[in-house]
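Coordinates in review
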Amino acid sequence: MRKQVVLLSMFFSMAGFAQTKNFVPITEAMSDDELVEIAAKITPSPQQLRWQRLELTGFIHFGINTFTEKEWGNGKEDPKIFNPSELDARQWVGVLKDAGIKQVIITAKHHDGFCLWPTGTTQHSVKNSPWKQGKGDVVKDVSDACKELGVGFGVYLSPWDMNNASYGTDAYNDFFLEQLTELLTQYGKVDEIWFDGANGEGPNGKKQVYDFERWYAHIRKLQPQAVIAISGPDVRWVGTETGHGREQEWSVVPVGKKDKFNEGSQTKADMPPSGNLRGQVVGSRSQLRNGMALKWYPAEMDVSIRPGWFYHKDQDLKVKTAEYLKEIYFHSVGRNGVLLLNIPPDKRGQITDYDIKTLKEWKSMLDTIFKINLLKDAKGIVPKKMEKLVDGNDQTHISFKMKNNNNVVEMNLKGEKKFNVLLLQENITVGQRVEKFVFEYWENNSWKQAAEGTTIGFKRLLEFPTVKTSKVRLRIIEARLEPTIAEIGLYFDKDLKN
Ligand code: FUL
């Protein structure tokens with residue numbers, strides 16, 4: 001019996017289930033110190049942790065808008081215009097996978113209400129289009145490709161539906177639940193469900209009060225491993241659609257207080273974030289009291305590789321450059337977030353060579369920068385044993401006791417090295433704790449500052465003017481509780497202009 005208990009608890013701690021607490025209610029009686037400590041001990045759920053570690057996820061916007069070349073339809077489009085000549089979902093997933101993307105989300109239904117799968121809930125779907133004589137299923141093609149290529153699979157299902165006659169009435173919430181049931185039972189494992197925040201009028205001019213709570217419970221029952229994003233409880237919208245996150249990005253934020261910032265479509269979402277989502281900082285010490293609870297609610301940065309979310313021929317020459325995507329990577333993944341990069345297929349149903357070229361260049365740029373960690377063979381001065389910091393494992397760490405001034409990592413590089421990129425990671429299975437740090441190098445018998453920052457979180461990347469030295473140190477200046485540093489890396493980006 002005892003053995004069983006021990007084995008069980010070992011299993012739970014290995015699987016990351018033990019001590020997982022991603023939500024803690026707070027009261028006014030709690031002191032500031034108590035709040036800070038609570039915030040420092042909140043950790044991601046296993047679903048959130050898996051999602052965070054993906055770093056790069058991809059969006060595919062494809063649907064009726066691809067054929068009208070519009071960003072938003074009106075729900076009155078004739079399904080007959082949906083007719084891709086060479087739709088190849090394997091190409092989509094393959095191109096994204098080659099770019100380093102680990103999970104792909106397809107717009108199963110956008111605001112116009114047209115469904116990319118042959119749903120039984122409405123006639124407004126691929127089954128009434130000429131594509132494959134109405135026998136096609138884009139959602140299946142994408143989920144099959146994801147499974148075949150070992151990429152996560154997700155669906156975007158727009159709550160706003162400009163086509164369905166029941167929109168604006170209670171019946172629509174049932175209709176939507178049915179659509180969810182189909183998507184969550186007919187395509188195997190689903191890793192992410194993405195609910196858009198947009199809530200406009202339906203065909204009868206009415207707005208819908210979404211029954212998010214019921215939908216969430218349904219998803220948890222049918223696909224418990226999935227994260228529910230944006231108008232959902234697991235993943236928070238960073239507040240822009242530019243792909244750039246905040247320099248200070250906290251994964252623990254106050255939630256649950258209705259205020260002017262979450263009026264509208266998200267008010268029904270359970271525990272919406274409190275305070276200004278678009279604000280400079282969300283979740284700093286002074287903001288912890290803004291809600292009814294503190295919650296692990298990490299940020300996602302969504303952006304399209306083109307100006308629009310859907311394909312438009314006249315944007316072929318406006319595909320973002322690899323150089324700009326690199327900046328986005330540093331400002332999303334490198335700012336404690338997950339990047340959701342949209343790559344829209346064209347009318348043929350293929351990702352164009354313009355997008356592919358950029359993606360290839362981007363991937364090769366990042367691979368080149370992060371190929372060699374110059375600290376790999378460094379010798380720890382303080383602490384002497386620094387292997388855990390360079391073992392490539394984000395769940396092994398070295399912890400520091402701030403109170404005893406034990407807040408420094410000092411390392412000797414093997415000879416003089418040249419670098420301009422710093423990578424830091426906290427072990428978020430313990431919590432997010434660092435509030436301020438500096439990174440210094442030894443030159444002319446003194447320490448000089450190369451970079452400084454506030455939060456680290458799952459991953460922090462910083463660029464700075466090239467430095468040449470044989471000794472470096474990281475000093476943690478402020479933290480919510482003993483920081484647990486999981487990884488440190490130094491790299492040289494030859495293309496960095498400084
Ligand atoms: C927005 C939508 O209105 C856009 O069309 C797009 O789907 C984007 C990802 O979310 O809110």
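Every chain is numbered independently, its residues counted from 1 as its sequence is written. Totals for whole chains, interfaces and linings use every residue, but because this is a predicted model, local features are given only for residues with pLDDT of at least 70 and side-chain atom pairs only at 80 or more, for both listing and counting. As a rule here, side-chain values cover all heavy atoms of the structure and leave hydrogens and water aside.

Describing the sheet that holds strand 5 (residues 192–195)
The parallel open sheet is built from eight strands, whose spatial order is 6-5-4-3-2-11-10-7. The open sheet has two edge strands, strand 6 (227–230) and strand 7 (236–237), and neither has a second partner. A pair of strands is considered paired only if DSSP assigns at least 2 bridges between the two. We count a stretch as a helix when DSSP gives it H or I for four or more residues in a row; a strand needs E for two or more, and each element gets its number in order from the N terminus. The sheet contact formed by strand 4 (residues 152–157) and strand 5 spans three bridges and is parallel. Bridging from a neighbouring strand, Gly 154 pairs with Glu 192 of strand 5.

A few points about the nonpolar core
Among the nonpolar cores identified, the biggest contains 78 residues, and Phe 82, Trp 92, Val 138, Val 142 and Trp 362 are the most heavily contacted of them. A per-element tally of this core places helix 7 (residues 170–185) first, with seven residues. Residue ranges assigned to the domains are those given by an automatic or database domain assignment. Per-domain counts for this core show at least three residues from each of domain 1 (46–369) and domain 2 (379–491). Nonpolar cores are built from buried Ala, Val, Leu, Ile, Met, Phe, Trp, Tyr and Cys residues. Side-chain atoms within 4.5 Å join them into one set. Partly exposed residues are those whose accessible area sits between 20% and 50% of the maximum for their type, while under 20% is buried and over 50% is exposed, using a 1.4 Å probe and protein chains only. Core analysis: the second largest hydrophobic core is formed by 31 residues, Leu 422, Ile 456, Phe 464 and Leu 490 among them.

Digging into empty space enclosed by the protein
Using only the protein atoms, space was sampled on a 1 Å grid; points where a 1.4 Å probe fits but cannot get out form cavities, open sets with protein on both sides within 12 Å along at least five of seven lines form pockets, and lining residues are those with an atom within 4 Å of a point. Grid points are joined across faces, edges and corners, and a volume is the space filled by probe spheres set on the points. Applying the stated rule across the entire model yields two cavities of 30 Å³ or more. Taken as a whole, the largest cavity spans an internal volume of roughly 50 Å³. Along the walls of the largest cavity sit Phe 62, Gly 63, Ile 64, Asn 65, Thr 107, Lys 109, His 110, Asp 112, Phe 114, Leu 116 and Phe 310, which together make up its complete lining. Looking at the lining of the largest cavity, the elements with two or more residues in it are helix 4 (64–68) and strand 3 (103–109). Any residue outside Ala, Val, Leu, Ile, Met, Phe, Trp, Tyr, Cys, Pro, Asp, Glu, Lys and Arg is labelled polar, Gly included; the first ten of those are nonpolar and the last four are charged. Here the lining of the largest cavity is built from residues that sort into five nonpolar, four polar and two charged.

Some words on the site of the ligand
Around the ligand, the surrounding shell consists of Phe 59, His 61, Trp 72, His 110, His 111, Tyr 156, Trp 194, Asp 196, Glu 241, Asp 302 and Trp 309. Identification of polar contacts relies on pairs of N or O atoms within 3.5 Å, with a donor-acceptor requirement for protein atoms, meaning one able to donate a hydrogen and the other able to accept it, and with residues adjacent in sequence counted only if both atoms are side-chain atoms. Between the ligand and the protein, one listed contact pairs an oxygen atom with a side-chain N or O atom of His 61 at 2.7 Å. Note that an oxygen atom of the ligand is positioned 2.8 Å from one of the side-chain N or O atoms of Asp 196. Throughout, the Shrake-Rupley method with a 1.4 Å probe supplies accessible areas, and for residues the shown protein chains are the sole cover considered. In isolation the ligand offers 290 Å² of accessible surface; the protein chains occlude 89% of this area. A per-class count over the shell around the ligand returns five nonpolar, three polar and three charged. Here a residue counts as near a molecule or strand whenever at least one of its heavy atoms sits within 4 Å of it.

Structural notes on the packing of helix 5 (residues 89–98) against helix 6 (residues 138–149)
Under this scheme, a helix contributes an axis fitted over its contacting stretch, all axes are lines through C-alpha atoms, and angles between N-to-C directions fall in the 0 to 180 degree range. At a minimum axis separation of 8 Å, helix 5 and helix 6 run at an interaxial angle of 45°. By the angle class used here, helix 5 and helix 6 are oblique. Every pair of crossing elements has a handedness; the one defined by helix 5 and helix 6 is right-handed. Along the contact surface, helix 5 presents Ala 89, Arg 90, Trp 92, Val 93, Gly 94 and Lys 97, while helix 6 presents Val 138, Asp 141, Val 142, Ala 145, Cys 146, Glu 148 and Leu 149. Residues belonging to the contact of helix 5 with helix 6 are distributed by class as follows: eight nonpolar, one polar and four charged. For this classification, under 35 degrees means roughly parallel, over 145 means roughly antiparallel, 65 to 115 means roughly perpendicular, and everything else is oblique. Crossing chirality is assigned from the near helix's rotation relative to the far helix, an anticlockwise turn below a right angle marking it left-handed and a clockwise turn marking it right-handed. Here, residues are in contact when the closest pair of their heavy atoms is within 4.5 Å.

With respect to the domain arrangement of the chain
Its domain assignment divides the chain into domain 1 (46–369) and domain 2 (379–491). The C-alpha centroid of domain 2 is placed 35 Å from the C-alpha centroid of domain 1. Counting residues at the interface gives 23 residues for domain 1, matched by 21 residues for domain 2. Joining two parts hides part of their accessible area as seen by a 1.4 Å probe, and the buried area is that hidden amount summed over both. Buried area between domain 1 and domain 2, both sides added, is near 1,900 Å², and the carbon and sulfur share of it is 53%. A side-chain nitrogen of Lys or Arg and a carboxyl oxygen of Asp or Glu constitute a salt bridge if their distance falls within 4 Å. In this assembly, domain 1 and domain 2 are joined by four salt bridges. Notably, a salt bridge pairs Arg 53 with Asp 394, separated by 3.1 Å at the nearest N-O pair.

Overview of the packing of aromatic side chains
Only the six-membered ring of Trp is used, alongside the rings of Phe and Tyr, when aromatic pairs are assigned; centres must lie within 6.5 Å, and planes under 30 degrees apart are stacked while those over 60 apart are edge-to-face, with the rest tilted. Within the structure shown, the criterion is met by 31 aromatic pairs. Pairing Phe 62 with Phe 82 gives two aromatic rings, centres 5.7 Å apart and planes at 70°, and the pair type is edge-to-face. A residue pair is termed long-range when its members are at least 10 positions apart, and Phe 62 in the loop between strand 2 (56–60) and helix 4 and Phe 82 in the loop between helix 4 and helix 5 qualify at 20 residues. Considered together, Phe 62 and Phe 82 belong to a single accessibility category, that of buried residues. Considering the side-chain rings of Tyr 167 and Tyr 172, the 4.8 Å spacing of their centres and the 70° angle between planes classify their relative orientation as edge-to-face. On the basis of relative accessible area, Tyr 167 is assigned to the buried category, the value being 0%. You can call Tyr 172 buried: its relative accessible area is 0%.

Remarks on the pairing of strand 8 (residues 252–255)
Of the two faces of strand 8, the one lined by Val 252 and Pro 254 and the one lined by Val 253 and Val 255 are each fully buried. As paired strands, strand 8 and strand 9 (residues 293–296) are joined by four bridges and run antiparallel to one another. Of the residues in strand 9, the one forming a bridge with Val 252 is Trp 296.

Quick notes on the state of the cysteines
Criterion for a disulfide: a pair of cysteine sulfur atoms within 2.5 Å. Inspection of every chain in the model, using the stated rule, returns zero disulfides. With no disulfide partner, Cys 115 has as its closest neighbouring cysteine sulfur the one in Cys 146, 19 Å distant.

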